[in-house]
Amino acid sequence: QVQLQESGPGLVKPSETLSLTCSVSGGSINPYYWSWIRQPPGKGLEWIGYIHYSGTTNYNPSLKSRVTISVDTSRDQLSLKLTSVTAADTAVYYCARDRSGRTDVWGQGTLVTVSS
Amino acid sequence: DIQMTQSPSTLSASVGDRVTITCRASQSISGWLAWIQQKPGKAPNLLIYDASNLESGVPSRFSGSGSGTEFTLTIRSLQPDDAATYYCQQYNSFSRTFGQGTKVEIK
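The following paragraphs examine the structure supplied in this document.

Cut-offs applied
Residues numbered from 1 in each chain as written. Chains lettered and ligands numbered in written order. Predicted model: local features only at pLDDT ≥ 70, side-chain atom pairs only at ≥ 80, totals over all residues. Heavy atoms only, no water. Helix = DSSP H or I, 4+ residues; strand = E, 2+ residues; numbered from the N terminus. Rg over C-alpha atoms; globule rule 2.2 N^0.38 Å. Buried < 20%, exposed > 50% of the residue type's maximum accessible area, 1.4 Å probe, protein only. Contact = heavy atoms within 4.5 Å. Buried area = accessible area lost by both parts, 1.4 Å probe. Salt bridge = Lys/Arg side-chain N within 4 Å of Asp/Glu carboxyl O. Polar contact = N/O pair within 3.5 Å; in protein donor to acceptor, adjacent residues only side chain to side chain. Nonpolar A, V, L, I, M, F, W, Y, C, P; charged D, E, K, R; others polar. Core = buried A, V, L, I, M, F, W, Y, C linked by side-chain atoms within 4.5 Å. Pairing = 2+ DSSP bridges. Axes fitted to C-alpha atoms, helices over the stretch in contact; angles between N-to-C directions. Phe/Tyr/Trp six-rings, centres within 6.5 Å; stacked < 30°, edge-to-face > 60°.

1. Some remarks on the overall build of chain A
Line of reasoning, step 1. Looking only at helices and strands, chain A has zero helices and eleven strands in total.
Line of reasoning, step 2. Going from the N terminus to the C terminus, chain A shows its helices and strands as β-β-β-β-β-β-β-β-β-β-β.
Line of reasoning, step 3. Since a compact globule built from 116 residues should have a radius of gyration of about 13 Å, the 13 Å found for chain A is in line with a globular shape.
Line of reasoning, step 4. Its C-alpha atoms put chain A at 40 × 25 × 25 Å along the principal axes.
Line of reasoning, step 5. With 116 residues in all, chain A has 46% of them scored as buried.
Line of reasoning, step 6. Residue pairs at least 24 apart in sequence account for 51% of intrachain contacts in chain A once pairs closer than 6 positions are excluded.

2. Description of the interface of chain A and chain B
Line of reasoning, step 1. At the interface, 20 residues of chain A touch 16 residues of chain B.
Line of reasoning, step 2. Together chain A and chain B conceal approximately 1500 Å² of surface at their shared face, both sides included; 58% is due to carbon and sulfur atoms.
Line of reasoning, step 3. Looking at the side of chain A facing chain B, the largest losses of area belong to A:Leu45, A:Trp47 and A:Arg102, adding up to 36% of the total buried there.
Line of reasoning, step 4. Where chain A packs against chain B, one counts one salt bridge.
Line of reasoning, step 5. The interface formed by chain A and chain B includes seven residue pairs in polar contact (both at pLDDT 80 or more).
Line of reasoning, step 6. Only β4 (33-39), β5 (46-52), β9 (91-99) and β10 (102-106) of chain A provide two or more residues apiece to the side of chain A that touches chain B.
Line of reasoning, step 7. Ranked by residues supplied to the side of chain A that touches chain B, first place goes to β10(A) with four residues.
Line of reasoning, step 8. Residue composition of the side of chain A that touches chain B, grouped by class: seven nonpolar, eight polar and five charged.

3. Considering the environment of B:Ser65
Line of reasoning, step 1. Among the secondary structure elements, B:Ser65 is positioned in strand β7 (residues 62-67).
Line of reasoning, step 2. Note: C-alpha distance between B:Ser65 and B:Ile48 (17 residues apart in sequence) is 9.6 Å.

4. What to know about the nonpolar core
Line of reasoning, step 1. Grouped together as the largest cluster of nonpolar side chains are 26 residues, with contacts concentrated most on A:Leu4, A:Leu18, A:Trp34, A:Trp36, A:Val67, A:Leu80 and A:Tyr93.
Line of reasoning, step 2. For this core, the secondary structure elements donating two or more residues are β3 (18-25), β4, β5, β7 (67-72), β8 (77-82), β9 and β11 (110-114) of chain A.
Line of reasoning, step 3. With four residues, β3(A) is the largest single contributor of residues to this core.
Line of reasoning, step 4. Setting aside residues up to four positions removed in sequence, A:Leu4 forms contacts with A:Cys22, A:Ser23, A:Val24, A:Trp34, A:Cys95, A:Ala96, A:Arg97, A:Val105, A:Trp106, A:Gly107 and A:Gln108.
Line of reasoning, step 5. Membership of the second largest hydrophobic core comes to 24 residues, among which are B:Ile21, B:Ile48, B:Ile75 and B:Tyr86.

5. Examining the sheet that holds strand β1 (residues 3-7) of chain A
Strand pairing in a sheet relies on backbone hydrogen bonds. The paired strands run either parallel or antiparallel.
Residues and elements named next belong to chain A.
Line of reasoning, step 1. Across the sheet, four strands lie side by side as β1-β3-β8-β7; this open sheet has antiparallel pairing. What marks the edges here is a single partner per strand, and that holds for β1 and β7. Shown here is a sheet whose adjacent strand axes are inclined to one another by a mean of 20 degrees, direction ignored.
Line of reasoning, step 2. Where β1 lies against β3, five bridges are found, and the strand directions are antiparallel. Along β3, the bridge assignment pairs Leu 4 with Val 24.

6. Side note on the packing of aromatic side chains
All names here are of chain A.
Line of reasoning, step 1. Applying the stated criterion across every chain yields a total of six aromatic pairs over all chains.
Line of reasoning, step 2. On the basis of an interplanar angle of 85 degrees and a centroid distance of 5.7 Å, the ring pair of Tyr 94 and Trp 106 is categorised as edge-to-face. Highlighted residues: Tyr 94 in strand β9 and Trp 106 in strand β10, separated in sequence by twelve residues. Side by side, Tyr 94 and Trp 106 carry an identical accessibility label, which is buried.

The structure is reproduced here in structure tokens:
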């Protein structure tokens, strides 16, 4: 059974870059798409973007200028970088498998707080 | 971008009730819609995909229907374990969009 585990700093300063990693276990990154999704405290889900194992990406237009998602197939990991963060980027960040469009496997999520 | 609008935002129902949540898309998404359940403090969980297909392991009291721009999630006989927030998600386009969520409370 595929499991996802997000990791990275829980606290990021304003204007700096948020960097997270998602490790995939129990299965391979091939041949799926993989998404990052976030949820501000007490609010709904927001799709950030996805990456195909081949490296093809697509991002939420509202975040596109600040987001980079990458994949390391040799390590079965994907990464998220979000630049120039503000308090509005404080959220639980999830990685998830995008299987033919549906998000069928989710990580447990990791809370990232943007604060000085 | 495709916008997804859910109604109601909150509903309160009794155990055994039939519950229906509606999701409307700003343009046709054919049948490319999923329903996701999120319990407090937990990661979301897929219930329904392609508008009406039940994900493996999901109780049969959950069902989905619709196509084009209007979709529904029905819980046939509400159980205490169903207290959660439910989201619809479209995947018709290259991007993905979630509805704002519907919180289901048990009376």
